[in-house]
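Structure assessment
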Amino acid sequence: MSGGEQSRAVREMFGAIAEKYDVMNSIMSLGLDRHWRRQAVQTARIRPGDRVADICCGTGQLTLAARAAAGRSGEVVGLDFSADMLRVAAANIEAAGRRAQRDPEAGTDNIRFVRGDARELPFATADFDAVLVGWGLRNVPDRERVVREMRRIVKPGGRVVSLDMGQPRLPGLSAVYWPLFSLAVPFLGQWCAGKKAREYRYLYESAREFLPQWELADLFRRCGLVGTGALDLVGGAVAVVYGEKSPRYPGD
Ligand SMILES: C[S@@+](CC[C@H](N)C(=O)[O-])C[C@H]1O[C@@H](n2cnc3c(N)ncnc32)[C@H](O)[C@@H]1O
């Protein structure tokens with residue numbers, strides 16, 4: 001499959017599961033996904049007043065977690081190429097806004113969504129204090145290009161952070177983890193989302209084939225980020241990978 005064909009297939013796949021994506025995520029992560037997102041936001045060192053980009057934002061859950069850290073004076077921009085995922089994101093933000101009516105700091109104003117491609121970000125250079133991507137890099141055929149784009153749009157001294165599946169590093173965990181994952185994900189997909197197992201098979205395969213967290217940290221370094229590293233969650237089955245644009249950029 002060419003890069004363009006793969007992108008189209010990924011967009012259609014997420015369009016097909018958009019409505020059930022959040023509930024599936026919560027079930028598959030046993031409700032831990034919220035905690036993982038908070039970890040990613042903490043790692044990005046987002047402060048009140050920051051301007052943050054959430055690339056491949058999907059249904060906007062990481063966007064909301066970033067907004068909680070950036071506060072009322074901050075701004076968060078979510079970008080995705082799936083109109084269906086963005087529609088669910090808009091509904092999620094509206095619902096969160098109603099819940100937060102009495103607490104402006106927890107509110108949802110200053111969140112904006114943009115439809116676009118992660119490989120060619122429609123943002124100016126050094127536009128953001130932090131740039132996030134959640135379960136996005138494994139879906140793009142040319143992830144080096146996306147990481148370079150993320151580096152371009154972050155300010156010198158700002159962090160680029162990816163939250164995604166990792167390779168379990170806890171002894172014994174990987175022996176049971178992958179077989180369980182390969183059975184559970186298509187089964188849950190069929191049961192919960194009423195979809196053919198194909199979409200969920202893709203989620204398993206893309207996770208299985210994704211770079212281990214230490215290799216993704218290397219890729220961040222190759223893309224010009226400094227101070228790179230990986231933080232293992234649940235024994236490495238999920239990982240937060242980070243890097244910083246040198247404060248001395250462009251001299252580096
Ligand atoms: C697994 S979902 C992750 C959603 C969200 N970040 C989260 O934390 O749950 C991956 C998202 O990446 C989007 N995506 C994949 N490739 C993309 C690309 N090249 N440009 C923009 N969005 C892309 C898909 O449409 C999908 O919404």
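Scope of this entry: the structure provided in the associated data block. Note on numbering: residues in each chain are counted from 1, in written sequence order. Per-residue local features are limited, in this predicted model, to residues with pLDDT of at least 70; the limit for side-chain atom pairs, both in listing and counting, is 80 or more; totals at the level of whole chains, interfaces and linings are taken over all residues. The side-chain figures draw on all heavy atoms in the structure; neither hydrogens nor water molecules are used.

What about the packing of aromatic side chains?
For Phe, Tyr and Trp, rings pair up if their centres lie within 6.5 Å, where Trp contributes its six-membered ring, and each pair is then called stacked (planes under 30 degrees apart), edge-to-face (over 60) or tilted (otherwise). Within this structure, the stated rule accounts for three aromatic pairs. Where Phe 14 meets Tyr 21, the ring centres are 6.4 Å apart and the plane angle is 65 degrees; that geometry is what we call edge-to-face. You can call Phe 14 buried: its relative accessible area is 11%. A centroid spacing of 5.2 Å and a plane angle of 80 degrees characterise the contact between Phe 123 and Phe 128, whose relative ring orientation is edge-to-face. Just as Phe 123 is buried, Phe 128 falls in that class too. Note on geometry: a ring has a charge over it if NZ (lysine) or CZ (arginine) is within 6 Å of the ring centre and within 35 degrees of the ring normal. Geometry around Phe 81 places Arg 11 over its ring, the cationic atom sitting 5.2 Å from the centre. Buried residues are those whose accessible area, probed at 1.4 Å on protein chains only, stays under 20% of the maximum for their type, while exposed residues exceed 50% and partly exposed ones sit between those limits.

Overview of the environment of Ala 83
Among the secondary structure elements, Ala 83 is positioned in helix H5 (residues 83-99). The exposure class of Ala 83 is partly exposed, given its relative accessible area of 28%. Separated by 69 residues in the primary sequence, Ala 83 and Phe 14 have C-alpha atoms spaced 9.6 Å apart. Helix and strand definitions follow DSSP, with helices as H or I runs of at least four residues and strands as E runs of at least two, each counted in order from the N terminus.

Focus: the site of the ligand
Contacts to the ligand come from 19 residues, most closely from Tyr 21, Cys 56, Asp 80, Ala 118 and Gly 134. Backbone polar atom of Ala 118 to a nitrogen atom of the ligand: 2.9 Å apart, as the coordinates give it. Counting of polar contacts relies on pairs of N or O atoms within 3.5 Å, with two restrictions inside protein: one atom must be capable of donating a hydrogen and the other of accepting it, and residues adjacent in sequence are counted only when both atoms are side-chain atoms. Gly 134 has a polar backbone atom sitting 2.8 Å from a nitrogen atom of the ligand. Against a free-state accessible area of 600 Å², the protein chains account for coverage of 99% of the ligand. Residue polarity is assigned by list, with Asp, Glu, Lys and Arg as charged and Ala, Val, Leu, Ile, Met, Phe, Trp, Tyr, Cys and Pro as nonpolar; anything else, Gly included, falls into the polar class. Each residue belonging to the shell around the ligand can be placed in one class, and the counts come to 10 nonpolar, six polar and three charged. Throughout this document, a residue counts as near a molecule or strand when at least one of its heavy atoms sits within 4 Å of that molecule or strand. Accessibility throughout is a Shrake-Rupley quantity obtained with a 1.4 Å probe, and a residue counts as covered only by protein chains that appear here.

Some points on the nonpolar core
We define a nonpolar core as any set of buried Ala, Val, Leu, Ile, Met, Phe, Trp, Tyr and Cys residues linked to one another through side-chain atoms lying within 4.5 Å. Counting residues in hydrophobic clusters, the biggest one holds 38 residues, and the most contacted among them are Phe 14, Ile 46, Leu 132, Leu 163 and Phe 181. Those residues within four positions of Ile 46 in sequence are excluded, and the remaining contacts are Val 41, Val 52, Ala 66, Ala 69, Ala 70, Ala 130 and Leu 132. Counting residues in each nonpolar core, the second largest holds 28 residues, with Leu 121, Phe 128, Val 133 and Leu 219 among its members. Two residues form a contact once any of their heavy atoms are found within 4.5 Å.

Regarding the environment of Val 41
Along the polypeptide, Val 41 turns up in helix H3 (residues 33-43). Using a relative accessible area of 7% as the deciding quantity, one classes Val 41 as buried. Discounting chain neighbours no more than four positions away, the residues touching Val 41 are Ile 46, Leu 62, Ala 65, Ala 66, Ala 69 and Leu 132.

Topic: the packing of H3 against helix H4 (residues 61-70)
Axis geometry follows a simple rule: fit a line to the C-alpha atoms, using only the stretch in contact for helices, then measure angles between N-to-C directions, giving values from 0 to 180 degrees. Contact geometry for H3 and H4: axes closest at 9 Å, N-to-C directions at 50 degrees. Here H3 is positioned oblique relative to H4, judged by the angle of their axes. Of the two possible hands of crossing, H3 and H4 adopt the one that is right-handed. Seen from H3, the contacting residues are Arg 37, Ala 40 and Val 41; seen from H4, they are Gln 61, Leu 62, Ala 65, Ala 66 and Ala 69. Of the residues in the contact of H3 with H4, the class split is six nonpolar, one polar and one charged. Should an angle lie under 35 degrees it is considered roughly parallel, over 145 roughly antiparallel, and from 65 to 115 roughly perpendicular; all remaining angles are considered oblique. The handedness criterion is simple: a crossing whose near helix is rotated anticlockwise from the far helix by less than a right angle is left-handed, and one whose near helix is rotated clockwise is right-handed.

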